[in-house]
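# Structural characterization, general
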Amino acid sequence: MALHKLIVDDFYDTDFSLIAIHCQVEDYRISYLLNKHLDINLKRKEKDLDFNYFMASYPIFEYDCKESCIKWHLISNVCVTEVEGLQSSGSLFELEQKTIKTHYLVPEKKKVNYFLKIENDNQDFNEQLIIQDLLKIPQVIASYSVNADELKSKNHLIF
C-alpha cells in the first residue's frame, strides 16, 4: 500500500502584499490616518486576532472594497500583556509581582509597529504608490514592502 504524505506548506499561497509601518501612534489613530490619506474605510473588527497559546491578542482593522476587489487589513505587530504572579520572599507572606510581557505577531520583525496586509484579485495594483502615500503621513516614520514568503511566522498572517 502506498503512503501519501500531505505537507501544509504546499497549500499556503501568499496572494497578498505586506507593508510594514513604523510609527508610534495608537492603533485607532493610524487607522484614521490611513483612511484619510489612502481614501479607504478601515473599521475595527469586533474580535481581535487572538492567539491563546501565548496569551496575546492583536487589534485588527478591515476594509473590503467590492469595486476594486481589494481587501485591506491593518494589524498591530505588538501586544503588551501584564502577568501577575506570586514571588516567594522567604518570609511568611508572599509578594505579588506583576511582569510585563511583549509578544510579537511576526517575531522576525520586532521593530515594526503595524502591518498593512492587502489582498488583491486585481492585477493593476501598485504597491509602491501605497508606500509613497504612507510616507507622506507625518506620523509614519518608515514604511516598506515585506516579502511574506521569507517570514518564518507567515502563518500568523492568515486571518
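The structure we're discussing is the one just above.
Residues numbered from 1 in each chain as written. Predicted model: local features only at pLDDT ≥ 70, side-chain atom pairs only at ≥ 80, totals over all residues. Heavy atoms only, no water.

Each helix and strand in the protein chain was counted, giving two helices and 10 strands. The order of α-helices and β-strands along the protein chain, N terminus first, is β-α-β-β-β-β-β-β-β-β-α-β. The 159 residues of the protein chain split such that 39% are buried. Accessible surface for the protein chain amounts to roughly 10,800 Å². Of this, 49% is attributable to carbon and sulfur atoms. (Helix = DSSP H or I, 4+ residues; strand = E, 2+ residues; numbered from the N terminus. Buried < 20%, exposed > 50% of the residue type's maximum accessible area, 1.4 Å probe, protein only. Areas by Shrake-Rupley, 256 points an atom, 1.4 Å probe, with all protein chains shown as cover.)

All told, the structure shown has six salt bridges when counted by the stated rule. Notably, a salt bridge pairs arginine 44 with aspartate 48, separated by 2.9 Å at the nearest N-O pair. Residue lysine 117 is joined to glutamate 119 by a salt bridge in which the shortest nitrogen-to-oxygen separation is 3.3 Å. According to the relative accessible area criterion, glutamate 119 is partly exposed, its value standing at 25%. Where salt bridges share partners, they join Asp27, Arg44 and Asp48 into one cluster. (Salt bridge = Lys/Arg side-chain N within 4 Å of Asp/Glu carboxyl O.)

Under the 1.5 Å per step criterion, the end-to-end length of helix H1 (residues 27–38) is 16 Å for 12 residues, consistent within 8% with the ideal 16 Å. All buried positions along H1 are accounted for by Asp27, Ile30, Ser31, Leu33, Leu34, Asn35 and Leu38. In the segment just after H1, aspartate 39 is the residue with positive phi, at about 55 degrees. (Expected span 1.5 Å × (residues − 1).)

Turning our eyes to something else, we now look at the nonpolar core. Membership of the largest hydrophobic core comes to 23 residues, with the highest contact counts inside it found for Ile21, Leu34, Trp72, Leu74, Leu116, Ile130 and Leu134. Those elements that provide at least two residues to this core are strand S1 (16–23), H1, strand S6 (70–76), strand S9 (114–120) and helix H2 (127–135). At four residues, the largest contribution of residues to this core is made by H1. (Core = buried A, V, L, I, M, F, W, Y, C linked by side-chain atoms within 4.5 Å.)

This part covers the pairing of S9. Within S9, six of the seven residues are buried, which leaves the element mostly enclosed by the surrounding structure. Where S1 meets S9, six bridges bridge the pair, whose relative direction is antiparallel. Directly across from serine 17, in S9, lies its bridge partner isoleucine 118. (Pairing = 2+ DSSP bridges.)

Moving on, we come to the side chain of aspartate 27. Structurally, the position occupied by aspartate 27 is in helix H1. Apart from residues no more than four positions distant in its own chain, aspartate 27 is found in contact with Arg44, Pro59, Phe61, Leu74 and Tyr114. (Contact = heavy atoms within 4.5 Å.)

Below, the discussion takes up the side chain of lysine 117. Inspection of the secondary structure puts lysine 117 in strand S9. Engagement of the side chain of lysine 117 in a polar contact is seen with the side chain of glutamate 119, the distance being 3.3 Å. Looking at lysine 117, its side chain comes within polar contact range of the main-chain oxygen of leucine 157, at 2.6 Å. Those residues in contact with lysine 117, other than ones at most four positions away along the chain, are Phe16, Ser17, Leu18, Lys71, Trp72, His73, Leu157, Ile158 and Phe159. (Polar contact = N/O pair within 3.5 Å; in protein donor to acceptor, adjacent residues only side chain to side chain.)

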